[in-house]
Amino acid sequence: MRSVVFSHHGPPSAVVTPVTRPRPRPGAGEVLVRLRARPINPSDELFIEGRYGRRPTLPAVPGFEGVGTVEETTADGYAVGQRVAVSAQGTWQEYVTVPEPDVVPVPDRLPDSVACQLTVNPVTALLLVRQLALCGDDWLLITAAGSALSRMVLHLACRNDIRCICVVRDHRHVDHLTRAGAAIVVNVATDDLVRRVLDTTDGQGAHAVLDAVGGQPGSTALRCVRPGGQVVVIGMLDGGALTITPHALVFAGLTVRGFWLPHHLARLPAHVRVELAEHAIALLGTPGFAAPVAATYDLDDVRQALEHAHRPDRNGKVILTG
């Protein structure tokens, strides 16, 4: 079978390569899935770079989600030919073996380009909004607001009448985010974020910040939180450290915590994970919720796909097919 592998860490488009490997066989309670599509997510690139929460045994195959059909199974709950999404390490290849609990049946109404995005971003967005537990008319600041995950959080927050301040680095996402329900969109390339937030919130600041950037941009976002507010860190696009003073933690009573999906899913009972998957499927069928597709590439063209994922004008997911 065709696989994408990397033997050392580094810039993703420079270190991955397509190879041919033996097809795996399912063990007890596992499902062998013939994958057809898988997205390129920021977590995949962090994994290749060696900056993810899981350190792979090299050589390794990237990818944490995808969609395909059951090819072989030793589990009772699935039939050969059934269409499924998977949550598994190593989906950037043609076949993958997956434990039965990490396989999700998907309806025919969801195309592969949408169904392959099921198990990471929609579930993360649902858990984040639940854990933030904001009320109607509360203010939520979202950095990297043009990303697929941020747009999903915006969609869910607006459903709950939460007012969102979306932070971007250029003008390309302003109109879309405004149409999607953002109360304001702040372009930090031309605007003072702290001043705009304070002006918008009558000098109080946001009730919560969702930060996917870190470094200086994330540190600036932390200065936008009102006393007693909360900050949830979900990414590290900048790669730098966040700066916050002990004064803010002690006297302003700020709460700062991180969120990593595998950690949270591991603590949830099976019936809650099933409910999350069902909710995610319903949301992906809602217009405007799933990330649009910027381009599709065959597995053999993975380097070009990764380069496309970093284009400044990209709007949507890059999907690997085959």
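Below is a summary of the structure that appears in this document. Residue indices begin from 1 for each chain and proceed along its sequence in written order. Confidence filtering applies because this is a predicted model: local features only for residues at pLDDT of at least 70, side-chain atom pairs given and counted only at 80 or more, and all residues used for totals across whole chains, interfaces and linings. Values reported for side chains reflect all heavy atoms of the structure, with hydrogen atoms and water molecules removed beforehand.

This part takes up the side chain of K317. Note on conventions: DSSP H or I runs of at least 4 residues are helices, E runs of at least 2 residues are strands, and numbering of each starts at the N terminus. Examined against the element boundaries, K317 turns out to sit in strand 15 (residues 317-321). Here's how the labels work: a residue is buried when its accessible area is under 20% of the maximum for its type, exposed when over 50%, partly exposed in between, all with a 1.4 Å probe on protein chains only. Charge counting follows a simple rule: Lys and Arg are positive, Asp and Glu are negative, and His as well as the terminal groups are ignored. What counts as a salt bridge is simple: a side-chain nitrogen of Lys or Arg found within 4 Å of a carboxyl oxygen of Asp or Glu. For the buried residue K317, which engages in no salt bridge, the nearest side chain bearing the opposite charge is E65, 6.2 Å off. We call two N or O atoms a polar contact when they sit within 3.5 Å, provided that within protein one can donate a hydrogen and the other can accept it, with sequence-adjacent residues counted only if both atoms are side-chain atoms. Here the side chain of K317 touches I40 through a polar contact of 3.3 Å, landing on its backbone oxygen. Residue contacts for K317: discarding those within four places in its chain leaves P39, I40, N41, P42, Q117, N121, A148, A291, P292, V293, A294 and A295. Whether two residues touch is decided by their heavy atoms; if any such pair falls within 4.5 Å, the residues are in contact.

What follows concerns the sheet that holds strand 11 (residues 206-211). Only when DSSP finds a minimum of two bridges between them are two strands counted as paired. What the six strands build is an open sheet, ordered 10-9-8-11-12-13; its pairing is parallel. Looking at strand neighbours, the two that pair on one side only are strand 10 (184-187) and strand 13 (255-258), the edges of this open sheet. Between one strand axis and the next, the sheet turns through 15° on average, direction left out of account. Examined bridge by bridge, strand 11 and strand 12 (residues 225-233) share five bridges and lie parallel to one another. Looking at the pairing, V209 lines up with V231 of strand 12. Axis lines are fitted to C-alpha atoms, over the contacting stretch for helices. Their N-to-C directions set the angle, which ranges from 0 to 180 degrees. Lying over the sheet, helix 7 (residues 193-200) contacts strand 8 (139-142), strand 9 (163-168), strand 10 and strand 11, oriented at roughly 165° with respect to strand 10.

Now for the environment of A183. One can find A183 in the loop between helix 6 (174-179) and strand 10. Residue class for A183 comes out partly exposed when judged on its relative accessible area of 41%. In the structure, A183 is positioned 114 residues away from T69 in sequence and 41 Å away in space, judged by C-alpha atoms. When sequence neighbours within four positions are dropped, the list of residues in contact with A183 reads W139, R163 and C164.

A few words on the pairing of strand 11. A large share of strand 11 lies buried, amounting to five of its six residues. Two elements, strand 8 and strand 11, share three bridges in a ladder whose sense is parallel. Bridged to I142 within strand 11 is L210. Orient the strands so they point away from the viewer; a crossover is then right-handed if the path from the first strand over the helix to the second runs clockwise. Tracing the backbone out of strand 11, into helix 8 (residues 215-222) and back to the parallel element strand 12 gives a crossover that is right-handed.

Pairing is possible between side chains that carry opposite charge, provided their charged atoms lie close to one another. Following the criterion strictly, the structure yields 14 salt bridges and no others. Its salt-bridge partner being D298, residue R2 comes within 2.6 Å of it at the nearest N-O pair. Of this pair, R2 sits in strand 1 (residues 2-6) while D298 is found in strand 14 (residues 293-298), placing the two residues 296 residues apart along the sequence. Judged by its relative accessible area of 22%, R2 falls in the partly exposed class. Linked through salt bridges whose partners overlap, the residues forming this network are R2, R34, E94, D298 and D300.

Our focus in this paragraph is the pairing of strand 3 (residues 30-39). Burial of strand 3 is extensive: seven of the 10 residues sit out of reach of the surface. With five bridges connecting them, strand 3 and strand 6 (residues 95-99) associate as antiparallel partners. Following the sheet pairing, R34 is matched in strand 6 by Y95. The pairing of strand 3 with strand 4 (residues 65-73) spans six bridges and is classified as antiparallel.

Take unusual backbone geometry next. In this structure, P59 follows L58 across a cis peptide bond, with omega equal to -5°. In the Ramachandran plot, A133 falls in the positive-phi region, its phi being about 55° despite a non-glycine side chain. Here A133 lies in the loop between helix 4 (121-132) and strand 8. In this structure A133 comes out as exposed when scored by relative accessible area, which is 56%. Here A144, not a glycine, exhibits a phi torsion of approximately 45°, which is positive. Relative to the assigned elements, A144 resides in the loop between strand 8 and helix 5 (148-159).

Treat this as a map of the structure, not an account of what it does.
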